[in-house]
Amino acid sequence: MISGHVKTSMSQTQTIDLGGVLVGRAMAPTALVAFQRRRDDEPAGLVRDDRVASNRGMVSTKPNVAPRGRAKWLDDLLVAVAGGDRSAFVELFDHFAPRVKSYLIRLGCDMSAAEEIGQEVMVTVWRRAETFDRRQASASTWMFTIARNKRIDMVRRERRPELDPTDPAMMPEPEITGEKAVQKRQETQTVVRAIAELPDEQKTLLQMAYYEDKPHSVIAAETGLPLGTVKSRLRLALNRLRKIVKED
Amino acid sequence: MATAHGAAASRRGEGLPSHHLDDAFLMDYAAGNTTEAVSLLIATHLALCPMCRARFAEFESLGGAMLEDLSPTPLGQGALSAVLARLDSPDDGATIVGPDPLVIGEPANDEADSAPIPQPLRSYLGRATHELDWQPVIRGLEEFELDVVGAKTKLLRIQPGASMPQHTHEGSELTLVLDGSYDDEVGHFARGDVAVLDDDHDHRPIAGPGRDCVCLTVIDAPLRLTGRFGRFLNPFVKF
């Protein structure tokens, strides 16, 4: 390795054999990440935004833990799980398993399927925890990718081709050191608050995409909006999110 | 090594891609809403495009926030103990990944001059492109169809300098250049560049000189749920 362009600690790439075709399934988030510097060393004494919490139905399983403290808490748990810590796994389970179940139900699973797939997600979390890299993504983002992929595997019964973060053929980011690259990640709670501030029509767009399994072409068809309008709403939403996250 | 190839690429005078995927595609892929075929093309582009990788990471972060933002649903009785009971069982899923880098085209004498096939496409092919069972289509053009769910997915290989008949598109289609290049009315497309074509796009691509132009093409790209677009055309030829 000449430099740290590719995160080797995210190197757990799984392959399944399906009809004789090997399929790479990188279980970790992508190697090079977004625009937000991580700040998990901030004190946990920030006031929680109750307006956001009540509007969005957000429930913290750890009362008195402010958003950033909570992010660090979840990251720490996942790192501990990677080290084989079962009590950390139980805490992580208590926080995420009920949300993963909600996610699956929103995406059309019935109760028993959501329960079953949710359990598979949590078993996978235990097995893949060592691929989590807190410098690259938050625990929530990592959990999301596991839940998303498990649903595609078990519900849609499809393969999900993914980037392999260790792929030697991957083009590195130009003129960025490995050190710089690993400092960037987005804080989940900041993004949650930013989403809450979006106008309804933009929020709906995100919900249809992330909770309803609808690609933009389908959203356009169902809402009767031209695809161009859907895309420009998305652009507005993203600009707004980036602005809020940047200012945070 | 990623860096080794990067260096080789710059020796070849190759830059980073200049034609990218729009936010809608990246978000659909991050949210898990794309077909296997479209996912394959997007993931392969991401391997070649650090800019789109960074934007894609934003959309995965958005997914993390959307998950965190959901109200918890109470679990069934015994869910935790059922999961805990399974933690020690072996991972029946999987073995570790695919072949070493395979190159596009005949292996070059100078290794630095060959373009490796990125994952995940490499796993789908399982061999170098010159070993594939290419089917001739018209003079200067061959194709190889991949076994992928969701849309017609092909590799196209066009001889250097070959020009394809003028045609229009009746549906929608994604093309990713893997090696060589082509030029059309839209611009110059080289390794890593993505072309998204739909509707009545008048189109007459000409492959660049020097080396075969190899592309991955997915036809009927965005629509997974319906097939109402009917017939489709790839950027090079009517069929």
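Residues numbered from 1 in each chain as written. Chains lettered and ligands numbered in written order. Predicted model: local features only at pLDDT ≥ 70, side-chain atom pairs only at ≥ 80, totals over all residues.

Regarding its fold elements, chain A presents ten helices and two strands. Helices and strands in chain A line up, N terminus first, as β-β-α-α-α-α-α-α-α-α-α-α. Split into buried and exposed, the 248 residues of chain A put 49% on the buried side. Counting only contacts in chain A whose residues sit at least 6 apart along the sequence, the fraction spanning at least 24 positions is 72%. (Helix = DSSP H or I, 4+ residues; strand = E, 2+ residues; numbered from the N terminus. Buried ≥ 20, exposed ≤ 12 C-beta atoms within 10 Å, placed from the backbone. Contact = placed C-beta atoms within 7 Å.)

In the segment running from Gln119 of chain B into Pro120 of chain B, the intervening peptide bond is cis, with an omega of 5 degrees. Counting through the fold element by element, Pro120 of chain B comes out in the loop between β3 (115-116) and α6 (121-125). In this structure, Arg157 of chain A is a non-glycine residue whose phi angle is positive, near 55 degrees. Mapping Arg157 of chain A onto the fold places it in the loop between α5 (139-156) and α6 (178-182). The phi dihedral of Asp213 of chain A falls on the positive side, at around 60 degrees, and the residue is not glycine. Its place among the elements puts Asp213 of chain A in the loop between α8 (200-211) and α9 (216-223).

Below, the discussion takes up helix α10 (residues 227-247) of chain A. Residue and element names in this part refer to chain A. In a regular helix each residue adds 1.5 Å, so 21 residues correspond to 30 Å; α10 covers 30 Å between its end C-alpha atoms and thus fits that length. By the burial criterion, the buried members of α10 are Val230, Arg233, Leu234, Ala237, Leu241 and Val245. Seen along its axis, α10 keeps its buried residues to an arc of 100 degrees; they face one direction. Exposed residues pointing more than 90 degrees away from the buried face of α10 are listed as Gly228, Ser232, Asn239, Lys243, Lys246 and Glu247. (Expected span 1.5 Å × (residues − 1). Arc of directions from axis to C-beta.)

Residue and element names in this part refer to chain B. Taken together, three strands build an open sheet; the order of strands is β9-β8-β11 and the sheet is antiparallel. At either end of the open sheet lies a strand with only one pairing partner, and these are β9 (188-190) and β11 (206-207). One ladder, built from two bridges, connects strand β8 (residues 181-183) with β11; its direction is antiparallel. Within the sheet, the bridge partner assigned to Tyr182 lies in β11 and is Ala207. (Pairing = 2+ DSSP bridges.)

What follows covers the pairing of strand β7 (residues 172-179) of chain B. All names here are of chain B. For β7, the tally of buried residues reaches eight of eight residues, placing the bulk of the element in the interior. Inspection of the sheet shows β7 paired to strand β10 (residues 194-198) by five bridges, in the antiparallel sense. Along β10, the bridge assignment pairs Glu173 with Leu197. Sheet analysis places β7 next to strand β12 (residues 213-219), joined by six bridges and oriented antiparallel.

The next point concerns the confidence of the model for chain B. All names here are of chain B. Scored by pLDDT, chain B has a mean of 80; 73% of the residues are at 70 or more. In this model, residues 1-13 is a region of pLDDT below 50 whose contacts with residues beyond four sequence positions or in other chains number 22 contacts. Segment residues 221-239 is flagged for pLDDT under 50; beyond a separation of four residues in sequence, or across chains, it makes 53 contacts in the model. On the interface metric, ipTM, the complex scores 0.82, and its pTM is 0.78. (pLDDT = per-residue confidence, 0-100.)

Moving on: the packing of helix α4 (residues 111-128) of chain A against α5 of chain A. Residue and element names in this part refer to chain A. Contact geometry of α4 with α5 gives a least axis separation of 9 Å together with a crossing angle of 125 degrees. As judged from the angle between their axes, α4 and α5 are oblique. Considering the relative orientation of α4 and α5, their crossing is right-handed. Of the residues in α5, those touching α4 at Ile117, Glu120, Val121, Thr124, Val125 and Arg128 are Met143, Ile146, Ala147, Lys150, Arg151, Met154 and Val155. (Axes fitted to C-alpha atoms, helices over the stretch in contact; angles between N-to-C directions. Parallel < 35°, antiparallel > 145°, perpendicular 65-115°, else oblique. Left-handed = near helix turned anticlockwise from the far one by under 90°.)

Turning our eyes to something else, we now look at the sheet that holds strand β5 (residues 141-145) of chain B. Residue and element names in this part refer to chain B. The strand order across the open sheet built from six strands is β4-β5-β6-β12-β7-β10, with neighbouring strands paired in antiparallel fashion. In this open sheet, the two strands that pair with only one neighbour each are β4 (135-138) and β10. Neighbour-to-neighbour, the strand axes of the sheet open up by a mean angle of 30 degrees, direction not taken into account.

What follows covers the pairing of β12 of chain B. All names here are of chain B. Buried residues dominate β12, accounting for seven of its seven residues. In β12, alternate side chains face the same way, and those of Cys213, Cys215, Thr217 and Ile219 on one face and Val214, Leu216 and Val218 on the other are all buried. Relative to β12, strand β6 (residues 152-158) runs antiparallel, the two sharing seven bridges. Each bridged residue has a counterpart across the sheet, and for Thr153 the counterpart in β12 is Val218.

Okay, the environment of Arg185 of chain A next. Residues and elements named next belong to chain A. Inspection of the secondary structure puts Arg185 in the loop between α6 and α7 (188-196). A count of 27 C-beta atoms within 10 Å places Arg185 in the buried class. Along the sequence, Arg185 and Ala113 sit 72 residues apart, while their C-alpha atoms lie 32 Å from each other.

Turning next to helix α2 (residues 23-31) of chain B. Within α2 of chain B, eight of the nine residues are buried, which leaves the element mostly enclosed by the surrounding structure. Where α2 of chain B is concerned, the buried positions are Ala24, Phe25, Leu26, Met27, Asp28, Tyr29, Ala30 and Ala31 of chain B. In this fold, the buried residues of α2 of chain B make contact with α8, α9 and α10 of chain A together with α3 (36-48) and α4 (50-68) of chain B. Looking at the residues trailing α2 of chain B, positive phi occurs at Gly32 of chain B, about 85 degrees.

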